[in-house]
Structures are given as C-alpha cells and as structure tokens.
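Notes for the structure review
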Amino acid sequence: MVGPPYDCVANPHGAVRLTFEKTVAGLPEADPVAKLCGKDWGVVHLFHKFLFEEDGLSRVPILDQSSLRWIKPNTLVRFRGMVQDMLGKELYIGAFKACSTTLVNTYGCSVNLHMIELEQAKLGDISLVELRRDCEETLEDACERDPPRIEAWRRNLDCSFRLGFCWQAAGELKWTKESGDKQVQNIILMISFWIVDGEKRSAMSYIYEAMDIAKEAIINSFNEKDDKYMDVTRKDDGCIFRSVVEPMLCDRMPENMNHLDDDSFSCLVKAYDFPESYLKLNDVFEFIGIYTFDPHLVVNRSGTDDSSFDLMEDVSNYLPPSKVPRLHSLVSRKLSPQDFLSGSLALQPLPSMMREIRESLLVHLSALMGNDKVAAQFLLLHLLSRVRGKVDVVALGKLSLNLTGFTRESASVFGNRLNDTIMKLLPFSKVIPISVEYLNTAVLQPRKNNQSGRLVMGVLQLAQGTHLTIDETHLETGMLNSVGVENASLLRHLLEWQTVEYVFEYYKIDMAADVQILIFSEGKSNILPADLVLPFQPHSFDSVEEPSSEELQTWRWYLATAKSLPYSNAPEVQQILQDGIVAAMQEDRSLGYKDLSRLPTMAQLLSTSSGETSLSLEQWQNVKELERLRKERLK
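Residues numbered from 1 in each chain as written. Predicted model: local features only at pLDDT ≥ 70, side-chain atom pairs only at ≥ 80, totals over all residues. Heavy atoms only, no water.

- As recorded in an unreviewed UniProt entry, the chain goes by Mini-chromosome maintenance complex-binding protein and comes from Platanthera guangdongensis.
- UniProt lists a comment for the chain under the heading Subcellular location (unreviewed entry), and it reads "Nucleus". (UniProt positions renumbered as here; feature names shortened; annotations may be inferred.)

Encoded structure:
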C-alpha cells in the first residue's frame, strides 16, 4: 500500500495544497474557485483522520516555551493556551485563479510566484510580465483593466477567520506540561529535524562533528603542541558544547525568540470556519494547526494617506510575526480538567472507588492541616466547587472558603503546605499575598488599549476554573488610595458574583468568571465575605510525607472526575431539601439567602465527592452535621 506523498507533521502545507488540487480537478472547469468559496475542501477531514484515526496525535509536538527552539516553522504543532484577547475577523482570499492556474492561499499557504512563472513559461500560456501583473495587481487595478473579473475577486473575499490572541494561562502549573517536556527529546531526535542540504543524519552525529571541529580549531591555535592543547581540550567538553553546539541548535528557532522568558510565551491563533461564539475570553483551548513564522511580514502604514487606517486595529504592528508565532488552526477543542491529566487511568467513577480515593485524599489534607479533620472536609468541598450556572446574577455552585485563625507564622507553615498541594492537584492555581501596598499599586483590572486595539491583561484575567488563594496575613494598618479601594472592590465582586469588570475606556463590561477563592486571615475577612467562614484549629505541627506521583495522579483524576459528574435530584429528594431549609430558618431567623443557598451547594458537593449523582438522606444528614460543627467553632 502506497502512503501519502506528504508528511502531515513535517509538511502540512503539502497536504493542504495536494488536497486542494485534487478537489479542483474534480470540479467544473468554468469557475472552480467560485465553487470552493467559503468552503472547506476536505483539509480538516484529512487532518482529523490522521490525528485521531491513524494515531498521528502522538507525533505532533506541543508548542510551548520549552520546545519552541526545536520546532521548525511550517510544521504541525499542538498549542494550549487561554484566549486572552479577541482581535476580530480578518478577510483573506482563500483561493483564486491566476491566468490558467488555480491557487490556494489558506492555512498559512503562500503563493510561490517564481514556481508559477516557470510553470506558465514552460506551457507557453502567458508572458511572465502578464503573469506577474495578474498575481500582484490590486483589486482596484483589476476592476479598471478587467471589470468582469472583479466579481470573482469579491466572491473569494467571503473567506475569513477569527483572530484570537492566546497566552499560556496565568497560574498554569508545571505538572500540566510534563508530557510536553518529554516530547522535546523526541523532537530533536526526529530525522526530519536534522536535514542539511538534503542529507539525513542522526542528531548525535552532528553534535560530535561540531565538537570535533571545535577541538581541531583549538589544536591549530596552539600549533599542535600537545602539552599546550591537551589540558584545554580535557578541561570541559561542556564548554565546547555550550559554545559550539548550542548556538547551532538556537539557529533552528527564530532569532527574536531566543530571549523570551517562561511567562511571556504567546501565540496568535487564526481560527477558520468557527462560529462567532466558539472562542470566548478566558477559555482554555488546545489548537492543532500549522505553526508559521515570518520575520519579513512587516506592515508599513507610513506610506498611506488614508485616514481610515487610523481607526483600524493593525495586528501586525502590535503583534509582530518576528516575536509572536502564528498558528493556523485545523482542529481545536475547549479543554476540561480531565484533559490536563498525564497518562490515562482506566478507572470507572463507581461510588465505591470514589469513596476510597476520597478517604485517602482526606487523610492527606488532614495531615497537612495539623489533623484538623473538619477543616479538611470543608477544604475538599471547596476544591470540588465550580460555577455550574447562573440565575440572574447569582452564581450557582461556587463555595468560597475563609479559614481564620492564621498568623504570618502559621501561614508560612500550614498555608504554604496547602498552597503547594493545591498546585500539585489542580491545573490552574494562583496565590496573592494581600497587603495595603499591593492593593494600592497592583493592576488587577483588564483594560482595552484603544491605541493598539489590544486588551491589556490584569491580575484578575484568569482562566476558567482557576483556584485563587488570598493570603491576608500580610495586611497591616494603612490607608487605601483610590486604586486600592477599586482593587478591593474588584476582589469582592469576583468572590460574590463571579464576574470581573473589564474597562473599555468609555464603558465597562462584567465578564463571567469561574474562580474558586480560598482566604487565609487572622479574623473574619472584612474585604472578602466568603460563603464559608471556618476557624482553623490544628492539633499538631508534624511534618507530612510527600505523596507519590501515583497518588497525585489518582487524586487529580478524582477531583477532575467528581467536578464533571452530572447531578440531579428526584422530586422526593427536593422535598427533603425544602423541609430541611424551612427547619433551618425556623431555628435561626437571621439566616439570609446566602446561607440558604449554601446548604444545597454543600449537599451537591458532598454527594459528588462520593461518586453519587443525586442526594441521599444519609448525605443530607452529613451536610447538617458538618454545618453544626462549623457553627460550634464560630461561637
């Protein structure tokens, strides 16, 4: 069986062009371009089959800061990132006909004018001068010279893609990238990576050859005197590697990307044929597409006197392709917590299995919290919470937790333990130590820069599902300025309503969020009124044994699975909930709507923590017992 005449990973543009040519060959000769206008000609299906039916996904490298220097442009990559900004639509000519040649101009494919000239010259169809004019003339020139052809141009302009600026999400943790780090080794050993003048050789052969050349240069510099150069060449082959081999490897990546730090990596994604509502701010996506880099693509606006350009966003000016990679998306999907799990656990979320894992995780959390078992149970419910929906402005499913009784000293022990563990369990987690100085100076609010047309990130522009820990033990007496007051209000708004206010210069918009907030404070927080306030009461200060990688992987699977379980109650269970809430109101007339909504949320979380998809009478009794223990501590 003969394989395809292209490599979908190393030469995806070849696959795009060949698929297009086959499709055009099967269409009527009158106007094949018009038939393809605004349509996919089988490219997405081709790559989808390669990735998911032919197990090609394992061959596609993950594009991130660690692998950027190894990946060549115009190859197929995977990129995971948060949608940080939406830059609108961009029109392009997906396919057009230059004289007798039908050309494709999508997914980063560009027309090789020199090859077209040679082909047309051989066929004798048209002179090179006429061909170059036909390919390069503007829309206005074409209209004046050949009015009938303008309609074909206009039809082709129906093609468009959405521009999304994606950033590696703030708070994304190292364990979510483990699979990508392992791929670096595979990338540099791929034969297609080490091709020089058409010759294929192994990676190590190039490395040893480079080191031998360096040693030979050292020997020649000492006039081949053994007593001089032997000590130098023996001292440290690593020096030779760093001075000779590493620069050779760095040449494999764009020059301007050698200086990017870990937190600055970003990518401009071009999403083809997606509905308007597909990409949303702060959602985390995985894009599989063609990575392009073109340092020569520079838009020069200085030569135009059209004032309308001053009102338009120019992405190329503010996101230069010499610094920000482009990714032409072929396949994409919104990521869930399960998608960040490395490896696959062949586990079914049976209640017995879920309860067993739940108990092991509770034992570890309790040990981290000085054997405070009550606090460990509330913390687990908090970690399982997420925004499941909204009724008017009320976010359903959130459960913020304020652990009181912390001092700076105890926070440095128990707080650090908890933060480290949470970062090992959840895909996105961030810690903010709150102080008066921080509130007065921090930029928490995202703002639109109308000059550049870009959304400038604030600290609170977080990926959906992020866990945020606020440490108030650093707060001291002081005065908040206007910025501090606004920042405190933003944090409170996020905690209560799960929205973040974005500033667009002349107006503001509340953007929906899904951020679960844990607060460490000495007393009840005055800035952030959490859903649950629980005095922290540790009973020991013993050190805790680090969990194994297998345990961490199992707990990650458990948390991600429990969060995604469906949940619904039968009518009789709903009646039990209503009776319980009425009884609670009769016992305590001071209960507000937050208290009344908290009990059903706790019941849902406690049920799903045991792998149950509906509330049982036993779990309802457990909820009431937990609430009783919490209120006893508040007395």
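Regarding the overall build of the chain
- For the chain, the count of helices and strands is 21 helices and 20 strands.
- Expressed as a percentage of its 635 residues, the buried residues of the chain come to 46%.
- The long-range share in the chain, meaning contacts at least 24 apart out of those at least 6 apart in sequence, stands at 77%.
- Approximately 32400 Å² of the chain is accessible, and the part contributed by carbon and sulfur atoms is 53%. (Helix = DSSP H or I, 4+ residues; strand = E, 2+ residues; numbered from the N terminus. Buried < 20%, exposed > 50% of the residue type's maximum accessible area, 1.4 Å probe, protein only. Contact = heavy atoms within 4.5 Å. Areas by Shrake-Rupley, 256 points an atom, 1.4 Å probe, with all protein chains shown as cover.)

Considering the nonpolar core
- Counting 49 residues, the largest nonpolar core has Leu 361, Met 369, Leu 379, Leu 380, Leu 403, Tyr 558 and Leu 559 as its most contacted members.
- Discounting residues that sit within four places of it in the chain, Tyr 558 has contacts with Met 354, Ile 357, Arg 358, Leu 361, Leu 380, Leu 384 and Ser 609. (Core = buried A, V, L, I, M, F, W, Y, C linked by side-chain atoms within 4.5 Å.)

What about the packing of aromatic side chains?
- According to the stated counting rule, one finds eight aromatic pairs in the structure shown.
- Both rings, one in Phe 340 and one in Phe 428, keep their centres 5.3 Å apart while their planes meet at 85°; by these two values the pair is edge-to-face. Placement of the pair is Phe 340 in the loop between strand E9 (326–334) and helix H13 (351–368) and Phe 428 in the loop between helix H15 (408–425) and strand E13 (429–433), with a sequence separation of 88 residues.
- Take Phe 340: its relative accessible area is 4%, and that puts it in the buried class.
- Its relative accessible area of 4% is what places Phe 428 among the buried residues.
- Positioned above the aromatic ring of Phe 340 is the side chain of Arg 80, whose terminal nitrogen or guanidinium carbon lies 5.4 Å from the ring centre. (Phe/Tyr/Trp six-rings, centres within 6.5 Å; stacked < 30°, edge-to-face > 60°. Lys NZ or Arg CZ within 6 Å of the ring centre and 35° of its normal.)

Some remarks on the sheet that holds strand E16 (residues 466–471)
- Taken together, five strands build an open sheet; the order of strands is E13-E16-E19-E12-E20 and the sheet is parallel. What marks the edges here is a single partner per strand, and that holds for E13 and strand E20 (532–535). Averaged over all adjacent pairs, the angle separating strand axes in this sheet is 15°, with direction ignored.
- Alignment of E16 against strand E19 (residues 515–520), held across six bridges, turns out to be parallel. Counted as the bridge partner of Thr 466 is Val 515 from E19. (Pairing = 2+ DSSP bridges. Axes fitted to C-alpha atoms, helices over the stretch in contact; angles between N-to-C directions.)

Considerations on the pattern of salt bridges
- Tallied over the full model, the rule gives 20 salt bridges.
- A salt bridge links Arg 358 to Glu 359; the shortest N-O distance between them is 3.1 Å.
- One salt bridge connects Arg 447 with Glu 486, and the closest N-O pair in it is separated by 4.0 Å. Of this pair, Arg 447 sits in strand E14 (residues 447–449) while Glu 486 sits in helix H17 (residues 482–497), and the two are 39 residues apart along the sequence.
- What makes Arg 447 partly exposed here is its relative accessible area of 39%.
- Several salt bridges share partner residues, and in doing so they unite Arg 78, Arg 80, Glu 286, Arg 333 and Asp 339 into one network. (Salt bridge = Lys/Arg side-chain N within 4 Å of Asp/Glu carboxyl O.)

A short note on the pairing of E20
- Side chains Leu 532 and Leu 534 project from E20 onto one buried face, and the interleaved Val 533 and Pro 535 project onto a second face that is buried too.
- Alignment of strand E12 (residues 401–404) against E20, held across four bridges, turns out to be parallel. Across the sheet, the residue bridging to Asn 402 is Val 533, located in E20.

Remarks on H15
- Between its terminal C-alpha atoms H15 stretches 24 Å, which fits the 26 Å expected from 18 residues at 1.5 Å a residue.
- Along H15, the largest kink reaches about 30° and is centred on Gly 415.
- Those residues of H15 lying buried are Ser 410, Ala 411, Phe 414, Gly 415, Arg 417, Leu 418, Asn 419, Thr 421, Ile 422 and Leu 425. (Expected span 1.5 Å × (residues − 1). Bend = angle between axes of the 7 residues up to and from the residue.)

Looking at unusual backbone geometry
- Positive phi is not limited to glycine here, since Asp 55 has a value of about 55°.
- Relative to the elements of secondary structure, Asp 55 occurs in the loop between helix H3 (43–52) and strand E1 (75–91).
- The residue Asn 74 is not glycine, and still its phi comes out positive at about 65°.
- Note that Asn 74 resides in the loop between H3 and E1.

Description of the packing of H13 against helix H18 (residues 549–564)
- Where H13 meets H18, the closest approach of the two axes is 10 Å, and the angle between their N-to-C directions is 120°. In this structure, H13 crosses over H18, and the sense of that crossing is left-handed. Listed contacts from H18 to Met 354, Ile 357, Arg 358, Ser 360, Leu 361 and His 364 of H13 are Thr 554, Trp 555, Trp 557, Tyr 558, Leu 559, Thr 561 and Ala 562. (Left-handed = near helix turned anticlockwise from the far one by under 90°.)

A few points about the confidence of the model for the chain
- Per-residue pLDDT for the chain has a mean of 76; in total, 66% of the residues score no lower than 70.
- Segment residues 191–204 is flagged for pLDDT under 50; beyond a separation of four residues in sequence, or across chains, it makes 24 contacts in the model.
- For residues 233–238, every residue scores under 50 in pLDDT, and the model assigns this stretch five contacts once sequence neighbours within four places are set aside. (pLDDT = per-residue confidence, 0-100.)

Some words on the packing of helix H14 (residues 373–384) against H18
- It is at 9 Å that the axes of H14 and H18 come closest, and there the two elements cross at 65°. Contacts between H14 and H18 involve Leu 380, Leu 383 and Leu 384 from the first element and Tyr 558, Leu 559, Ala 562 and Lys 563 from the second.
- Taken together, the residues that form the contact of H14 with H18 break down as six nonpolar, no polar and one charged. (Nonpolar A, V, L, I, M, F, W, Y, C, P; charged D, E, K, R; others polar.)

Let's talk about the pairing of E9
- With seven of its nine residues buried, E9 lies for the most part within the structure.
- Relative to E9, strand E7 (residues 266–272) runs parallel, the two being bridged by four bridges. Counterpart to Leu 268 in the pairing with E9 is Arg 326.
- Pairing analysis gives eight bridges linking strand E8 (residues 284–292) to E9, with the strands arranged antiparallel. Within the sheet, the bridge partner assigned to Phe 287 lies in E9 and is Ser 332.

Remarks on helix H20 (residues 593–609)
- Here H20 spans 24 Å end to end across 17 residues, near enough to the 24 Å set by a 1.5 Å rise per residue.
- Along H20, the residues classified as buried are Leu 596, Arg 598, Leu 599, Thr 601, Met 602, Ala 603, Gln 604, Leu 605, Leu 606, Ser 607, Thr 608 and Ser 609.
- Tucked inside the fold, the buried residues of H20 contact H13, H14, E20, H18, helix H19 (571–587) and helix H21 (617–634).
- Within two residues after H20, Gly 611 carries a phi angle of roughly 80°, on the positive side.

Thoughts on the environment of Val 331
- Examined against the element boundaries, Val 331 turns out to sit in strand E9.
- Relative accessible area serves as the criterion here: at 12%, Val 331 is assigned to the buried category.
- Remark: the alpha-carbon pair of Val 331 and Phe 287, spanning 44 residues in sequence, is separated by 6.0 Å.
- Not counting the four nearest positions on each side in its chain, Val 331 is found in contact with Leu 51, Phe 52, Glu 286, Phe 287 and Ile 288.

Here we look at a nonpolar patch on the surface
- A surface patch of nonpolar side chains, amounting to about 370 Å² of accessible area, comprises Tyr 506, Tyr 507 and Ile 509.
- Among the secondary structure elements, Tyr 506 is positioned in the loop between strand E17 (499–503) and strand E18 (508–512).
- Relative accessible area serves as the criterion here: at 70%, Tyr 506 is assigned to the exposed category. (Patch = residues over 30% accessible without salt bridge, like charges linked within 9 Å, V, L, I, M, F, W, Y side chains within 5 Å.)

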